[in-house]
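Structural characterization, general
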Amino acid sequence: MRPRIVPLLLCLTAVPVLCVAQRTHQFEFSAFGSFTRYDRAFELDNQIGGGGRLGYFFSPAIGTELDVSYQQPSPTSGGATAPLALGSASLIVNLGSDNNLFYILGGYTRLRFSDNPSYTFTDNGIHGGIGDRMFVGERVAVRLEARAIYSPNTGYPNGTWAGHIVGSAGLSIFTGPSAFHDVDHDGITDKKDGCPGTPSGAVVDARGCPTDSDRDKVYDGIDTCPNTVAGAEVEARGCPKDADADGVYDGIDKCPGTMTAARVDAQGCPTDSDADGVPDGPDQCPNTPAGAMVDTTGCPTDGDHDGVPNGIDKCPNTPVGVEVDTAGCQRASDGDGDGIDDTKDKCPGTAAAMRVDAAGCPILFTEAKTPVVLRGVTFETGRSALHPDSYTILDIVAASLIANPGINIEIAGHTDATGAATTNTRLSQSRAEAVRAYLASKGVAPERMVARGYGPTQPVAPNTTAAGRALNRRVELRQTN
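Reading guide: rules and limits
Residues numbered from 1 in each chain as written. Predicted model: local features only at pLDDT ≥ 70, side-chain atom pairs only at ≥ 80, totals over all residues. Heavy atoms only, no water. Salt bridge = Lys/Arg side-chain N within 4 Å of Asp/Glu carboxyl O. Helix = DSSP H or I, 4+ residues; strand = E, 2+ residues; numbered from the N terminus. Buried < 20%, exposed > 50% of the residue type's maximum accessible area, 1.4 Å probe, protein only. Pairing = 2+ DSSP bridges. Contact = heavy atoms within 4.5 Å. Axes fitted to C-alpha atoms, helices over the stretch in contact; angles between N-to-C directions. Disulfide = S-S within 2.5 Å. Phe/Tyr/Trp six-rings, centres within 6.5 Å; stacked < 30°, edge-to-face > 60°. Lys NZ or Arg CZ within 6 Å of the ring centre and 35° of its normal.

1. Considerations on the pattern of salt bridges
Two side chains of opposite charge can pair, provided their charged atoms sit close to one another. According to the stated counting rule, one finds 17 salt bridges in the structure shown. Note that glutamate 28 and arginine 133 form a salt bridge whose closest N and O atoms lie 3.1 Å from each other. With a gap of 105 residues between them, glutamate 28 in strand 1 (residues 27-37) and arginine 133 in strand 6 (residues 121-135) connect regions that are remote in the sequence. On the basis of relative accessible area, glutamate 28 is assigned to the buried category, the value being 1%.

Right, here's the structure in full:
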């Protein structure tokens, strides 16, 4: 049984790549020599032949052609030749480049054998092939091709179907419109292109020169921001630059170094509504009075904390807490020099340099609730009777408590470790109660005060020295709320 020949069929569904050379509406005339390997069932020697073809390009990628060829194969067993005339019509898909126009084709072939009793018949077949045109000029190319022909029903007595393979080489000449060369791919032929080096993607006019509608020196088509304001500097994509991020483009910005977040006018210069030297935006105090000195945030400075800004303050070193007028100077008299106007001072006899509250009374109790040791409050030895020189200190304590009615206290009595602990505890309780009674006599509500004696249990210094024992004998005030 003779081997079967698998026919070569082309698939023409591939997407073509457009050729660099634009050959639409050109004709191709070609002469070629061929070499054919016949179906083995035909018992014919391989044979050379020749022919010609006529092709036409409908577009850069699609074309059609007709070709005819002639051969005189000889039977392998000897005898007269069997002349063969072939005629084909093909559809061609072109791919490739300016110098190599590769193609694939497929179509119909008619094979007519004659002048030999055993080989006088006509076959109809289909064919497919691949080839390449190698240009040696704009209109001349060497053409190589391999083609397979398949006849599903052959007239040869010893076969049912037939397959032949044909290789050819020839020379093609192209006529018609000149090839379209466009090196910069702007759609304008090189012969007419007034600007042959146009960047890829740029929009061009009829002369092939790039257009620049907004005149920013970045061509239309490449320009990502095509409506740039006149005069603005742009980056490579054509978008305006704004180095200081103030909303006014570089090139138009008259103040290019504007600080971050500052408000600017149409020229890009910072505005300063209160004329304090800090631009609007960063200025956290935008309504600073004229003449006031400000910090880097635009807020007035007030060295003496009297509420009148530096620069406007006529008395810049006013003591803390002193009431001042609009010029920053003390408004009223202060007999004890504590910074509180005598008309508002509830403790007018405060000692010099003592810290006072808004009422002019000593600040005994703080937010930290630190115990207050009443140094100078003393008692007769072994007794709970107060020495008269303790009254001054206790009067100040009473005035402070009356001025701060929201504070409740514990009066804690302490002793040193001399003597019996039980005796010392009773003594410390009695002394704490004596202080409570005195403060109550000065107007402090008794229910705000609790008296407790701790005896020697909470020393603040060693009891081994006289100085240490003196420190341990004390009365403390502790805020309880």
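2. So, the sheet that holds strand 11 (residues 449-453)
The strand order across the open sheet built from four strands is 9-12-10-11, with neighbouring strands paired in mixed fashion. If you trace the sheet from one side to the other, it starts and ends with strand 9 (372-373) and strand 11, each paired once. Two strands pair when backbone bridges link them, and strand 10 (residues 409-414) and strand 12 (residues 474-479) are joined in this way by six bridges, in the antiparallel orientation. When the sheet's bridge partners are listed, histidine 414 is paired in strand 12 with arginine 474. The sheet strands contacting helix 2 (residues 421-441) are strand 10, strand 11 and strand 12, and the helix crosses strand 11 at an angle near 160 degrees.

3. Some details on the state of the cysteines
As enumerated under the stated definition, the model contains five disulfides in all. Between cysteine 285 and cysteine 299 runs a disulfide, and the two sulfur atoms are separated by 1.9 Å. Across the S-S bond linking cysteine 285 and cysteine 299, the dihedral sits near 80 degrees, which makes this disulfide right-handed. Here cysteine 299 lies in the loop between strand 8 (162-175) and strand 9 and cysteine 285 lies in the loop between strand 8 and strand 9, a separation of 14 residues in the sequence. Taking relative accessible area as the criterion, cysteine 299 reaches 15% and is therefore assigned buried.

4. Topic: the packing of aromatic side chains
By the definition in use, this model includes 13 aromatic pairs. Seen in terms of ring centroids, phenylalanine 42 and tyrosine 156 are 4.9 Å apart; in terms of plane orientation they differ by 35 degrees. Their pairing is tilted. Highlighted residues: phenylalanine 42 in the loop between strand 1 and strand 2 (47-57) and tyrosine 156 in the loop between strand 7 (140-151) and strand 8, separated in sequence by 114 residues. Like tyrosine 156, phenylalanine 42 is buried. For the ring pair phenylalanine 121 and tyrosine 156, a centre distance of 6.1 Å and an interplane angle of 45 degrees mean the geometry is tilted. Of this pair, phenylalanine 121 sits in strand 6 while tyrosine 156 sits in the loop between strand 7 and strand 8; the two residues are 35 residues apart in sequence, bridging distant segments of the chain. Taking relative accessible area as the criterion, phenylalanine 121 reaches 9% and is therefore assigned buried. Every member of this aromatic cluster is reached through a ring pair, and the members are Phe42, Phe113, Tyr119, Phe121 and Tyr156. The residue whose ring lies beneath arginine 478 is tyrosine 454, and the NZ or CZ to ring-centre distance is 5.1 Å.

5. Quick word on the environment of threonine 296
If you trace the backbone, threonine 296 turns up in the loop between strand 8 and strand 9. A C-alpha to C-alpha distance of 51 Å links threonine 296 and proline 210, two positions 86 residues apart in sequence.

6. Observations regarding the pairing of strand 6
With 14 bridges connecting them, strand 5 (residues 100-113) and strand 6 associate as antiparallel partners. Each residue of the ladder has a partner; that of phenylalanine 102, found in strand 6, is aspartate 132. As paired elements, strand 6 and strand 7 share 10 bridges and run antiparallel to each other. Within strand 7, the residue paired with phenylalanine 135 across the bridge is alanine 141. In this antiparallel pair of consecutive strands, strand 6 and strand 7, the connection spans four residues.

7. Looking at the environment of valine 234
Note that valine 234 resides in the loop between strand 8 and strand 9. Given a relative accessible area of 17%, valine 234 falls into the buried group. As for valine 234 and valine 218, which are separated by 16 residues in sequence, their C-alpha atoms are 8.3 Å apart. With sequence-adjacent residues up to four places away left out, valine 234 is seen in contact with Asp216, Val218, Thr228, Cys239, Pro240 and Lys241.

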